[in-house]
Amino acid sequence: MPTEASSSPAAVWAILRKECRSEWRTRYGLNAALLFAVTSLTSVSFAVGRLGDRPDVLAALLWVVLLFAALASLSHTFVREVEGRTMTLLRLVASPTAIATGKLLFNLLFLAVIELVTVPLFLILMGAPTPSWGPFLGVLVLGSLALGTGATLVGAIIAQTRGRAALFAGVSFPILLPVVAAAVSATRAQWSGGSVAVELRLLAAYGVALLAASLMLYDHLWED
Amino acid sequence: MILRGLLLLWIAAWIVAAFLWAPLVPVLGPTTRVLYFHIPSAWVTVLALGWSMVHSVLYLRSRNLEHDHQAAAAAEIGLLFCVAATISGSLWAKAMWGAYWNWDPRETSIFFLLLVYGAYLALRSAIDQPERRARLSAVYSAIAFVSVPFLVFVVPRIYFTLHPDPLINTRGKIDMDPRIRVVFFALLAGFTALFFWVQSVRVRVARLERRAEER
Amino acid sequence: MKGDLVVMAVALLVWGLLFWYLIRLERRVAELEKK
Amino acid sequence: MSAAAAAVEARDLIHRYGARRVLEHLAFEFAAPGVVAIRGSNGAGKSTLLKIVAGLLRPSAGALSVQIDGRDTPPLARHRWIGYAAPDLSFYPEFSAGENLVFAAETRGLDAPPRAAQRALEQVGLASRSNDRVAALSSGMLQRLRLAFALLADPPVLLLDEPGSHLDEAGRAMLTDLVGKRRTTHLVMIATNDEREGALADRSVELAGRGLGDPA
């Protein structure tokens, strides 16, 4: 008799591993996202040059690049299921919450990989002053968690629309704007020695609020 | 019909009062009167968004398309009032400070609401099946319910500290002369009644559309 | 003062037009509902 | 291992796709064990009904309940007791047949997923193709894989939508044997117009698509 597992950690873990294996096999998403991040990065640094003395512009550019890298890739995990019509199979082995949680964890992992490449490259290419690592990484982690959670939830919605990924940027922008605004403000502050406490609390609060909303809404995402 | 006639006279009367009876706010001068239109429009924008979000949650619980009609109608009307508020706001800013747009916290908040409305309606236009459109737009509306407080109250304040606005922001707390206050709240009530009237008509249209689709 | 009167007249006119448009719209909807 | 006592009941079940009324005031009750045929012309709603029973689709109105040992199963969790195979069930092309089933077994929380996958493949005669990429499978083999997927957790309720499509003679024999073995322990519902599959049933419901679908 099947156990209670299909909505428990076992299902989430199985789905996460499947997502990683799928991504490793097809490598589609990773290449596209890395290519996107690096090209937008080089075009920015080429156009703007070194900005060591303008931390506010640097902060804005960093998060714009990260935002668009996220927008270019984080809906793919759902779009792929809808286009491959494998959503039926998935819904027959796991609950909506387990499916979405597995995919959320994958998206966060995916975003982390993108940032591992993009952020160091950004700091070097843009000639950014060395960040005060504590606050900088704090903002990066909390910002990415909120960014990933919001993007994943909206990604699950637009995956079921006609335009699919085309709609992703416009529809997710109002949801992701608070994250980017707070992250930019904090990144700027850490470069000029200011405190990031307010923004960090805000990012954490917004991330948790988005996660709570997600967990309540996942059941309503797939029903026809 | 009497109610509608009453609304016609009510708003007309208070427009006249705004021009002939209420005094001008000293600092604002003749531009005071834009506020009689701008602030009620902003109020209806927020009211309509709230109405749409409440009905979205109700739809998710009951799956009754009536709630979806209410949510969609409120969003469409809300968008109209939001555009009106944004334009009247920037015209007023131009008259007051010489710039159509300077990311003043209030302007930023209204503009962000415009983005939310735009995103919601764009999402609806991209889904064909009524049930799926209702369900997914309700889910999005619930997400927006979480992000709007951050968008309206938090982000503009952050931005404001980022770029301390050199211009003095006189729109802080206007000490309203009692007559101004009366006219202002009367028009606020008038606009609210107008919203619910248009909403009722738009919902009836939505019902007709569904009936036509199902025949 | 004269400028005020002009603006007021325009405001009243716009409100009247909008009101008239809504009344006609509502009547049209009522008709369709009967069909 | 005798399956749990399952019962599927419809009360005034209605489903519409926009203007098209697919299921109208459907009412029936089928209790395990046994095999039920769901008959009806194309577009009469056979697949729609199976999707609703499986919890994949929410009916426009009315109620469809699946009881396991007397306890009602909520639609979103119903998949734990359901085996479902239908023509639109697709697999992950980048994985092999075996990998797809192992993933399904892991996610369903079965113990020793590889063994469960292997056992399911053997039952449908696909054991030798475990490592073939799904994209490389013929339509007949793909249909067998769908049946293997449905059998994976040996669920008490088996929902088969046109299970015999694309199957060769050997495949049909396997299907008959597979259903026959479960006749006295499970509840099997087969949506079909094919008499060979219909013959397997001991009860049936006719979807006229327009009138009442009372059991024959």
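It should be emphasised that the depicted structure is a prediction, and the values quoted were computed from it without experimental measurement.

Visitor: Where do I start with the interface of chain D and chain A in this structure?
Guide: For an interface, size is often stated in terms of accessible area lost upon the parts coming together. Taken together, the contact pairs 28 residues of chain D with 32 residues of chain A. For the pairing of chain D and chain A, the buried interface totals around 3100 Å² over both sides, and the portion due to carbon and sulfur atoms is 62%. Taken together, the links from chain D to chain A amount to 3 salt bridges. Across the pair A:Arg17 and D:Glu106 runs a salt bridge, and its minimum N-O distance is 3.0 Å. The tally of links between chain D and chain A comes to 9 residue pairs in polar contact (both at pLDDT 80 or more). Among the elements that take part in the side of chain D that touches chain A, helix H2 (residues 97-108) of chain D stands out by supplying 6 residues, more than any other.

Visitor: Honestly, the packing of helix H6 (residues 96-125) of chain A against helix H7 (residues 133-158) of chain A in this entry has me stumped. Any pointers?
Guide: To characterise two packed helices, one gives the angle between the axes of the helices and the distance between these axes. Residue and element names in this part refer to chain A. Orientation of H6 relative to H7, taken along the N-to-C sense of each, is 140°, at an axis distance of 10 Å. The orientation of H6 relative to H7 falls into the category oblique. Remark: the crossing between H6 and H7 carries right-handed chirality. Where H6 approaches H7, its residues Leu104, Asn107, Leu108, Leu111, Glu115, Val119 and Leu123 are matched on the opposing element by Trp133, Phe136, Leu140, Ser144, Leu145, Leu147, Gly148, Thr149 and Thr152.

Visitor: I tried to follow the packing of aromatic side chains on my own but got confused; where do I start?
Guide: The relative placement of two aromatic rings is captured by the distance of their centres and the angle of their planes. Within the structure shown, the criterion is met by 19 aromatic pairs over all chains. Ring geometry for D:Tyr92 against D:Phe95: centres 6.1 Å apart, planes inclined by 65°, an arrangement best described as edge-to-face. In this structure, D:Tyr92 and D:Phe95 share a single accessibility class: buried. A ring pair is formed by D:Tyr92 and D:Phe103, whose centres lie 5.9 Å apart and whose planes are at 80°; its orientation type is edge-to-face. Within this pair, whereas D:Tyr92 is found in the loop between strand S6 (82-85) and H2, its partner D:Phe103 is found in helix H2, the two being separated by 11 residues in sequence. Three or more aromatic residues joined by ring pairs make a cluster, and in this case those are A:Trp133, A:Phe136 and A:Trp191. Above the face of the A:Trp24 ring, A:Arg27 is positioned so that its terminal group lies 4.1 Å from the ring centre. A cation over a ring is seen here: A:Lys103 above A:Phe78, with NZ or CZ 5.5 Å from the ring centre.

Visitor: How do you make sense of the packing of helix H3 (residues 55-73) of chain A against helix H8 (residues 165-191) of chain A when you look at a structure like this?
Guide: Residue and element names in this part refer to chain A. Where H3 meets H8, the axes come as close as 9 Å, and the angle between the chain directions of the two elements is 145°. As for how H3 packs across H8, the hand of that crossing is right-handed. On the side of H3, the interface is formed by Pro55, Asp56, Leu58, Ala59, Ala60, Leu62, Trp63, Leu67, Ala70 and Leu71, while H8 contributes Phe168, Ala169, Ser172, Phe173, Leu176, Val180, Ala183, Val184, Thr187, Arg188 and Trp191. Of the residues contributing to the contact of H3 with H8, the split by class is 17 nonpolar, 2 polar and 2 charged.

Visitor: Where do I start with the layout of surface pockets in this structure?
Guide: Empty space left among the atoms is revealed by rolling a probe the size of a water molecule over them. Space inside the second largest pocket adds up to approximately 1100 Å³. Lining the second largest pocket are 32 residues, with B:Phe37, B:Phe191, C:Val14, C:Trp15 and C:Leu18 sitting closest to its centre. Contributing elements (two or more residues each) for the lining of the second largest pocket: helix H1 (2-20), helix H2 (32-62), helix H3 (65-97) and helix H6 (178-214) of chain B together with helix H1 (2-34) of chain C. No other element matches the 10 residues that H1(C) contributes to the lining of the second largest pocket. Of the residues contributing to the lining of the second largest pocket, the split by class is 27 nonpolar, 1 polar and 4 charged.

Visitor: In this structure, what is going on with unusual backbone geometry? I would like to understand it.
Guide: Leaving glycine out, the prevailing phi sign among residues is negative, and the prevailing peptide bond configuration is trans. For the bond running from D:Ala32 to D:Pro33, omega is -10°, close enough to zero to count as cis. Note that D:Pro33 resides in the loop between strand S2 (20-31) and strand S3 (34-39). Backbone geometry at A:Arg85 places phi at a positive 55°, although glycine is not the residue there. Mapped onto the secondary structure, A:Arg85 falls in the loop between helix H4 (76-83) and helix H5 (87-91). Positive phi, normally seen in glycine, also occurs at D:His166, with a value near 70°. Looking at where D:His166 falls in the secondary structure, it is placed in the loop between strand S7 (157-161) and helix H5 (169-182).

What counts, and where the lines are drawn
In every chain, residue numbers begin from 1 and rise along the written sequence. The naming scheme follows written order: chains are lettered A onward, ligands numbered 1 onward. The predicted origin of the model limits local features to residues at a pLDDT of at least 70 and limits the giving and counting of side-chain atom pairs to 80 or more, whereas totals for whole chains, interfaces and linings rest on all residues. With hydrogens and water set aside, each side-chain value is computed from the structure's full complement of heavy atoms. In what follows, a contact means two residues having at least one pair of non-hydrogen atoms within 4.5 Å. Buried area is a sum: the accessible area each of two parts loses on coming together, probed at 1.4 Å, counted once for each and added. Put simply, a salt bridge is a Lys or Arg side-chain nitrogen that is within 4 Å of an Asp or Glu carboxyl oxygen. Any pair of nitrogen or oxygen atoms within 3.5 Å is treated as a polar contact; in protein, a donor-acceptor pairing is required on top of that, and neighbouring residues in sequence qualify only through side-chain atoms on both sides. Secondary structure counts use DSSP, requiring at least four H or I residues in a row for a helix and at least two E residues in a row for a strand, with both numbered from the N terminus. Interaxial angle, 0 to 180 degrees, is taken between N-to-C directions of lines fitted to C-alpha atoms, where a helix line uses only the stretch in contact. By the definition adopted for this analysis, an angle is roughly parallel if under 35 degrees, roughly antiparallel if over 145, roughly perpendicular if from 65 to 115, and oblique otherwise. Take the far helix as the reference: if the near one is turned anticlockwise from it by less than a right angle, the crossing is left-handed, and if turned clockwise, right-handed. When the centres of two rings from Phe, Tyr and Trp lie within 6.5 Å, Trp using its six-membered ring, the rings pair. Their planes under 30 degrees apart give stacked, over 60 give edge-to-face, and anything left gives tilted. Relative accessibility under 20% of the residue-type maximum defines a buried residue, over 50% an exposed one, and the middle range a partly exposed one, all with a 1.4 Å probe and only protein chains included. By definition here, charges over rings are those cases where NZ of Lys or CZ of Arg is within 6 Å of the ring centre and within 35 degrees of the ring normal. Each residue receives one of three labels: charged for Asp, Glu, Lys and Arg, nonpolar for Ala, Val, Leu, Ile, Met, Phe, Trp, Tyr, Cys and Pro, and polar for the others, Gly being one of them. Using only the protein atoms, space was sampled on a 1 Å grid; points where a 1.4 Å probe fits but cannot get out form cavities, open sets with protein on both sides within 12 Å along at least five of seven lines form pockets, and lining residues are those with an atom within 4 Å of a point. Grid points are joined across faces, edges and corners, and a volume is the space filled by probe spheres set on the points.

Remember, this is a structural readout, not a statement about activity or role.
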